[in-house]
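# Close look at the chain arrangement
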Amino acid sequence: MRSTGWADLYAWQVDRTTGTPLFRQMYLQLRSAIVSRTLAPGTRLPSTRELAARLRVARTSVISAYEQLLAEGYIAGKARSGTFIASDLPMPSERRPLDGIPRTSGKAPRVSVRAKALAGLRAFVAESDATPFNMGRTRVDPRTVAAWRRVTHRAVRSLDAVHLGYSDPRGLPELRETLCDYLRVARAVRCDPDQIIVTGGTQPAIDVAIRVLLDRGSEVWVEDPCYPVTYNALAIADVNVHPVPVDAHGLDVAAGVRAAPNARAAFVTSSHQFPTGVVLTMPRRLALLAWARETGAWIVEDDYASEFRYSGRPLASLQGLDDAQRTIYVGTFNKALFPGLRIGYMVVPRPLMNAFVHARYLIDRQPSSLEQTIVTDFMRQGHFAAHIRRTRAHYREQRDALVGELRRRAGDAITVEAPEQGMHLIAYLHGRRSDVNVERAARARGIIVRAIRPMYRNARPRSGLMLGFSGYSVEALVPAAAALAKVITANA
Ligand SMILES: Cc1ncc(COP(=O)(O)O)c(C=O)c1O
């Protein structure tokens, strides 16, 4: 589709107080807009009649201006399709600085301390390209695509007032009700629809939680190793972050209590610790909840990817065990469906609801209403449950193919277990192999893996590679695993 440009919105003007003839003013104005590329080559210009009416000038003035520009080659006329800015104009050697905005002086810009910290963060950006073993991808099979299209088309056809105006910052009531029914059954979450806030995903939920729960200097527990995005969000929030080691039972609650007994909050991935995949055991869950209850701390439970559990007993959420309303439960459709969707949710203890809703309102007011209708219908019509059922089977098969190939090709160099849940696994490297070096060498060969060592803070790091398997067919995973095995064995 070819854009006709923005000339209709251009702030055309003439000044009747100067002695400059109107046609010349228009000629100069348009030429300058063309030369500065304010109006791009190929832009369609208003007709002489429209422009004359808009500026309340005689049409002959506009015609004269256009004719001169035409003669000089700045614009071109096309029969019946109007007048366009010539598309073969040479690019100006240098773009004019935007009016009023000085060029950068070379000095560092004056920004907040926080912005400087942001600039120094190690990038942890999920790439979107479909290259194994990128973690940012999910598999959306043709049946899900077809159902999503149908539901979307229906929602668009029935576009109405609720989609066009401002709506409840917590999200549409029907989505909150549907979510509540789902979370009670699937995750044993205790909730009512009025405790749910629909968000753009996990990240905005974490952001709101940080704003509401923590002050500058507040002590807070994070898992060590930790999901870098959450760690970074806390690191730039001027809070006092205490990394608490994770062992085979999950977060070491006793170590947390020793290090920061009065921490204000703990951010945890209890059902599938990121990155290790360890499940927080029941005694640890109870210990964490008891600590929160006794000290008045809050727990922020990031329950990402819990929909994909392949074996073992289904795990209830931590929030579901919490009798004292200390847990903020965070979930996301960006993993269960696809990351481009940008919809997630949180379940908030009643006493916090008011502050959470206000914080969200100040950030982005409300989620997109049309998108919420689509998700609601998708869930209510049974497509979501069917998608999860089918996708779980795909992911299990993909996981097994990846584990099998890695063990076959690099079994002496790595330890790899099939995780019971989630969308990635970890291959721990034997001996003195450096995961960071292997990550670099693999990337040079077009294989995306993520070293886990940089995710550790104070705990003794292990050398391992995170491999996302959810986004790729078995046919794509197996050769990539073979190629990765070569890189690993060559990096002794
Ligand atoms: C630990 C963890 N939480 C949450 C998410 C999902 O985040 P979002 O919903 O913002 O896409 C991810 C994605 O990789 C993750 O690894």
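Anything mentioned here points back to the structure above.
In short, a report on the structure. Just so it is clear, the structure is predicted and the values come from calculations on it, not from any experiment. (Residues numbered from 1 in each chain as written. Predicted model: local features only at pLDDT ≥ 70, side-chain atom pairs only at ≥ 80, totals over all residues. Heavy atoms only, no water.)

## Some details on the packing of aromatic side chains
Short version of the rule: Put simply, two rings from Phe, Tyr or Trp (the six-membered ring, in Trp's case) pair if the centres are within 6.5 Å, and we call them stacked under 30 degrees between planes, edge-to-face over 60, tilted for the rest. Only DSSP runs of H or I covering at least 4 residues are called helices, and only runs of E covering at least 2 are called strands; the numbering of each starts at the N terminus. For each residue, the accessible area found with a 1.4 Å probe, counting protein chains only, is set against the maximum for its type, and the residue is called buried under 20%, exposed over 50%, and partly exposed in between. To sit over a ring, a charge needs its Lys NZ or Arg CZ within 6 Å of the ring centre and within 35 degrees of the ring normal.
Across all of its chains, the model carries ten aromatic pairs by this definition. With 3.9 Å between their ring centres and 15 degrees between their planes, Trp 221 and Trp 291 make a pair best called stacked. Taken together, the residues span a long stretch of sequence, with Trp 221 in strand β4 (residues 219-224) and Trp 291 in helix α11 (residues 282-295) at a distance of 70 residues. Here Trp 221 matches Trp 291 in class, with each residue buried. On the basis of an interplanar angle of 65 degrees and a centroid distance of 4.7 Å, the ring pair of Tyr 227 and Phe 274 is categorised as edge-to-face. You can see Tyr 227 sitting in the loop between β4 and α9 (228-235) and its partner Phe 274 sitting in the loop between β7 (265-268) and α11, a full 47 residues away along the chain. On the basis of relative accessibility, which here comes to 5%, the residue Phe 274 falls in the buried class. Members of the aromatic cluster, connected to one another through ring pairs, are Tyr 182, Phe 333, Tyr 345 and Phe 384. The ring centre of Tyr 166 lies 3.7 Å from the NZ or CZ of Arg 365, which sits over that ring.

## Describing helix α7 (residues 173-187)
For clarity, the threshold we go by: Take the residue count of a helix, subtract one, and multiply by 1.5 Å to get its expected span. Whether two residues are in contact is decided by their heavy atoms: any pair within 4.5 Å suffices.
Helix length check: α7 (15 residues) gives 20 Å between terminal C-alpha atoms against 21 Å at 1.5 Å per residue, within 8%. Listed in full, the buried residues belonging to α7 are Leu 175, Arg 176, Thr 178, Leu 179, Cys 180, Tyr 182, Leu 183 and Arg 187. In the core, the buried residues of α7 are packed alongside β3 (196-199), β9 (327-332), α12 (333-336), β10 (344-347), α14 (369-380) and α15 (383-410). Positioned one or two residues after α7, Ala 188 has a phi angle of 50 degrees, which is positive.

## Re the sheet that holds β3
Selection criterion: Two strands are said to pair when DSSP picks up at least two bridges between them. Each axis is a line fitted through C-alpha atoms, taken for helices only over the stretch in contact, and angles between the N-to-C directions span 0 to 180 degrees.
Here eight strands make up an open sheet; going across it, the order is β3-β10-β9-β8-β7-β4-β5-β6 and the pairing mixed. A single partner strand is all that each edge strand has here, and the edge strands are β3 and β6 (250-251). With four bridges joining them, β9 and β10 adopt antiparallel strand pairing. Opposite Thr 332, over in β10, you have Gly 344 as the bridge partner. The strands that helix α8 (residues 202-213) touches are β3, β7, β8 (298-302), β9 and β10; relative to β8, the one it contacts most, it runs at about 175 degrees.

## Points about the layout of surface pockets
Filter applied, for reference: Definitions used for this entry: grid spacing 1 Å over protein atoms alone; cavity, a set of points where a 1.4 Å probe fits but cannot get out; pocket, an open set with protein on both sides within 12 Å along at least 5 of 7 lines; lining residue, one with an atom within 4 Å of a point. Grid points are joined across faces, edges and corners, and a volume is the space filled by probe spheres set on the points. The residue classification treats Ala, Val, Leu, Ile, Met, Phe, Trp, Tyr, Cys and Pro as nonpolar and Asp, Glu, Lys and Arg as charged. All others, Gly included, are polar.
By volume, the second largest pocket is sized at about 490 Å³. Taken together, 27 residues form the lining of the second largest pocket, with Thr 276, Gly 277, Val 278, Tyr 428 and Arg 462 sitting closest to its centre. Listing elements by their share of the lining of the second largest pocket, those giving two or more residues are β5 (240-247) and β12 (424-429). The dominant element in the lining of the second largest pocket, judged by the number of residues it contributes, is β12, at four residues. Its residues assigned to classes, the lining of the second largest pocket shows 14 nonpolar, six polar and seven charged.

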